[in-house]
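Structural characterization, general
The residues making up each chain are set out below.
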Amino acid sequence: MDIQRTSKKKLQILRSIGSATASAELRNLGLRDSHISGISSITPSKAIAGNAVTLQFMPRREDQYPDGNEYLDPESQLHRHVLYEAQEGDVVVVDARSDMSSGIFGEMMLSYLKGKKGAGVVVDGCIRDSAYAKELGLGIWVRGTTPNWHAQTNIFPFGVNVPVACGNRLVFPGDVIIADDDGAVVVPSAYVDPLIEAGTTHAEWEEFSRGRLLEGGDLRKYYPLRSDAIQEYEEWKKEKG
C-alpha cells in the first residue's frame, strides 16, 4: 500500500499542537474519539508526529506459523518487514491484539528503526529489552514490557501496511500519529489540514489565557475566552507580531 507522507513542516506543527489539543479539535471536526487507548509512554517528555506504517498480528495457529526458534528463517518474519518500509520520521503502529506476553520489538529491531531515523513506535502490546529501548531516543508507547520474543506465545505477524486496530482505533497506513506524555492520537490524512488550522488557533489563545491566569485573571473570563476578553486577546496577538 502506497503511503502519501505529510510534509515535515506540517508534522512539526502537529507535534507542537500535541495530543490533548488534537483530540479536542478532532472531536470538534467530527471524530468523537481519536485516542489510541490503553497505551502509555515509557519515554517521558518525548513528543512526536509522524506518518503511520502498520503491522498486524493474529492469534497463533500452528499451520500458519509453526513453532520455531527466534532466529529461524528471519526474512519470513513480517515484524522485520514493517521496519524495512519505514522512512525518516515514520511511526510504526502495531496491532498486537493487546497481548501482554509477546515482545513485538527488542533492542536490535528498535536500533534499526533509530538508525533509519524513525520517530517511534506505538504498540498495542509489549516490547522487550526495555532498559536499552528507553535510551535510544525513539518515542515508545506500549501497554507493557515482557522478556519474550515477538511470536513466542500467542500471536504472530500477519500483515504489513494494512489497516489495523490499535488501542481500539482504526489506523490506516499514512495516517498521522501525534504522541506525547498524554498518550497517542490518530489523525486521518484528510483531517491534517483542518486540524492544523483549528489546533494552531486553539494553542494560540490558550497561550494567551494561560498567561492571564498565571497573573491572577478570572477563570470565567479567560478559559474559554469570554466575549469581553476577545479584544484583549487580539491586542496581545498584535503585540506578539
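Predicted, not measured: the structure shown is a model, and the values here were computed from it.

Focus: the pattern of salt bridges
According to the stated counting rule, one finds 14 salt bridges in the structure shown. Linking Asp90 and Arg5 is a salt bridge whose minimum nitrogen-to-oxygen distance equals 2.7 Å. Here Arg5 lies in the segment before α1 (8–28) and Asp90 lies in the loop between α2 (78–85) and β4 (91–95), a separation of 85 residues in the sequence. Between Asp124 and Arg143 there is a salt bridge, with its nearest N and O atoms 2.4 Å apart. One end of the pair, Asp124, is in the loop between β5 (120–123) and β6 (126–127); the other, Arg143, is in the loop between β7 (139–142) and β8 (144–145), and 19 residues separate them in sequence. We classify Arg143 as partly exposed; its relative accessible area is 31%.

Notes on the pairing of β4
Judged by how many residues are buried, β4 sits mostly within the fold: five of five residues are covered. On β4, burial covers both faces: Val91, Val93 and Asp95 on one face and Val92 and Val94 on the other are all buried. For strand β3 (residues 48–59) and β4, the ladder comprises five bridges, and the chain directions are parallel. Its bridge partner lying in β4, Ala52 is registered against Val91. Remark: the β4/helix α3 (residues 107–115)/β5 crossover connection has right-handed handedness.

Observations regarding the packing of α2 against α3
Where α2 meets α3, the axes come as close as 10 Å, and the angle between the chain directions of the two elements is 10 degrees. One finds that α2 runs roughly parallel with respect to α3. On α3, the residues touching His79, Arg80, Leu83 and Tyr84 of α2 are Met109, Tyr112 and Leu113. The residue makeup of the contact of α2 with α3, split by class, is five nonpolar, one polar and one charged.

Re α1
End to end, α1 covers just 25 Å across 21 residues, shorter than the expected 30 Å (1.5 Å per residue, more than 12% under). The principal kink in α1, of about 95 degrees, is found at Gly18. Regarding α1, the residues found buried are Leu11, Leu14, Ile17, Gly18, Ser19, Thr21, Ala22, Glu25 and Leu26. As for α1, its buried residues are in contact with β3, β12 (176–180), β13 (183–187) and α5 (192–214).

Regarding the environment of Phe172
With respect to the helices, strands and loops of the structure, Phe172 is situated in the loop between β11 (169–171) and β12. Expressed as a C-alpha distance, the spacing of Phe172 and Gly106, which sit 66 residues apart in the sequence, is 24 Å. The residues contacting Phe172, other than those within four sequence positions of it, are Ala52, Thr54 and Pro163.

Quick notes on the packing of aromatic side chains
Across all of its chains, the model carries eight aromatic pairs by this definition. Between Tyr233 and Trp236, the aromatic rings sit 6.0 Å apart at their centres with planes inclined by 25 degrees, giving stacked as the arrangement. Remark: Trp236 and Tyr233 occur in helix α7 (residues 230–240); sequence separation between them is three residues, near one turn of the helix. This pair shows no difference in class: Tyr233 is buried, exactly as Trp236 is. Site record: aromatic cluster; members linked through ring pairs are Phe208, Tyr222, Tyr233 and Trp236.

A few points about the environment of Asn28
Looking at the secondary structure, you find Asn28 in helix α1. Between the alpha carbons of Asn28 and Ala198 there is a distance of 9.2 Å; along the sequence they are 170 residues apart.

Points about the state of the cysteines
Evaluation of the coordinates by the stated rule reveals zero disulfides. For the unlinked cysteine Cys126, the closest cysteine sulfur is that of Cys166, found at 12 Å. Cys126 sits in the buried class, given a relative accessible area of 0%.

Conventions we followed
- Residues numbered from 1 in each chain as written.
- Predicted model: local features only at pLDDT ≥ 70, side-chain atom pairs only at ≥ 80, totals over all residues.
- Heavy atoms only, no water.
- Salt bridge = Lys/Arg side-chain N within 4 Å of Asp/Glu carboxyl O.
- Helix = DSSP H or I, 4+ residues; strand = E, 2+ residues; numbered from the N terminus.
- Buried < 20%, exposed > 50% of the residue type's maximum accessible area, 1.4 Å probe, protein only.
- Pairing = 2+ DSSP bridges.
- Right-handed = clockwise from strand over helix to strand, strands pointing away.
- Axes fitted to C-alpha atoms, helices over the stretch in contact; angles between N-to-C directions.
- Parallel < 35°, antiparallel > 145°, perpendicular 65-115°, else oblique.
- Contact = heavy atoms within 4.5 Å.
- Nonpolar A, V, L, I, M, F, W, Y, C, P; charged D, E, K, R; others polar.
- Expected span 1.5 Å × (residues − 1).
- Bend = angle between axes of the 7 residues up to and from the residue.
- Phe/Tyr/Trp six-rings, centres within 6.5 Å; stacked < 30°, edge-to-face > 60°.
- Disulfide = S-S within 2.5 Å.

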